[in-house]
Amino acid sequence: MNAKSIIMLLLFSFSTLQSFAQLKPVSYSDGNQKLEGYFGKPVKANAKKAGVLILPAWMGVDAHSKESAQALSKLGYYTFVADIYGADKRPANTQEAGKLAGHYKTNYKEYQNRIHLALQQLIKNGANPNEIAVIGYCFGGTGALEAARANFPVKGVVSFHGGLGRDANRTIETIKPKVLVLHGADDFFIPETEIKAFQDEMRTGKADWQMVYYADAVHAFTHKDAGSDKSKGAAYNEKADKRSWKAMLDFFDEIFK
């Protein structure tokens, strides 16, 4: 490797380190449970100091959610990656993740509370409390919808390949935040009955909602580490990943106009 190549590599590495340095760990708590999220401060904030809360997939705080936070911070948004499980409760495998995620899906009030605590951290660290969006991936996508169902004071929520279900015995309230669901057209983890029930919920709740389907995409289509085998039900789809990201940014342009 010549001197020029080494210099370019060092510059690239320095730039990458700067990017990662934008996120800082933030300790907060829910009673005795210690939580640790990650805050991203934009180098140049947008005019409204808008903020985006990122809810991770079922493995908890992960590289994917941090990358999303960094990318959005580069676009001028204040960001915060929520810790739903706890600083000492990082699942070691998918079995543990399934149990934890299942607990919060069933005990949705606890899930909503953890989301609300993370929202407070986003605002505490500089985001405009009147200009907030919530996004989530898979389990986090379910959380984004729970933020809408709870009518948290946010402009809108975005669910990427998230679970849509809710207990049928729950009362459907009027849903005030705008809702965007980005869904894999071939996602067999989400049955048609669940999709229909969700859409009926949105209509009953008089929500301003959109649902976009992506061809040839299954669950976890934005996760590069999900592999490419669709038959497993979870796989990365580059086209769907890029299209859904753009759909989210267009949605932000609308709600933060």
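Here, the structure is the one placed above.
Only a predicted model underlies this, so the values are computations on that prediction, with no experimental measurement involved.

A. Spotlight on the nonpolar core. Core analysis: the biggest nonpolar cluster contains 40 residues, and L53, I84, V134 and V179 have the highest contact counts within it. Looking at this core element by element, the count peaks at six residues for helix α4 (residues 108–124). Contact partners of V179, with chain neighbours within four places excluded, come to L145, A148, V157, F198, M202, D208, W209, Q210 and F251. L72, Y77, F221 and I255 belong to the second-largest nonpolar core, a separate cluster that totals 27 residues.

B. Region of the structure containing helix α3 (residues 94–106). In this model, α3 (13 residues) spans 18 Å end to end at C-alpha, consistent with the 18 Å of a helix rising 1.5 Å per residue. All of the buried residues in α3 are A97, A101 and Y104. Buried residues along α3 cover an arc of 60 degrees about the axis, so they all sit on one side. Pointing more than 90 degrees away from the buried face of α3 are the exposed residues Q95, K99 and T106. Here α3 starts with a cap whose side-chain oxygen sits 3.1 Å from the backbone nitrogen of Q95, and that cap is N93.

About the criteria used
- Residues numbered from 1 in each chain as written.
- Predicted model: local features only at pLDDT ≥ 70, side-chain atom pairs only at ≥ 80, totals over all residues.
- Heavy atoms only, no water.
- Core = buried A, V, L, I, M, F, W, Y, C linked by side-chain atoms within 4.5 Å.
- Buried < 20%, exposed > 50% of the residue type's maximum accessible area, 1.4 Å probe, protein only.
- Helix = DSSP H or I, 4+ residues; strand = E, 2+ residues; numbered from the N terminus.
- Contact = heavy atoms within 4.5 Å.
- Expected span 1.5 Å × (residues − 1).
- Arc of directions from axis to C-beta.
- Polar contact = N/O pair within 3.5 Å; in protein donor to acceptor, adjacent residues only side chain to side chain.

Geometry only, nothing functional implied.
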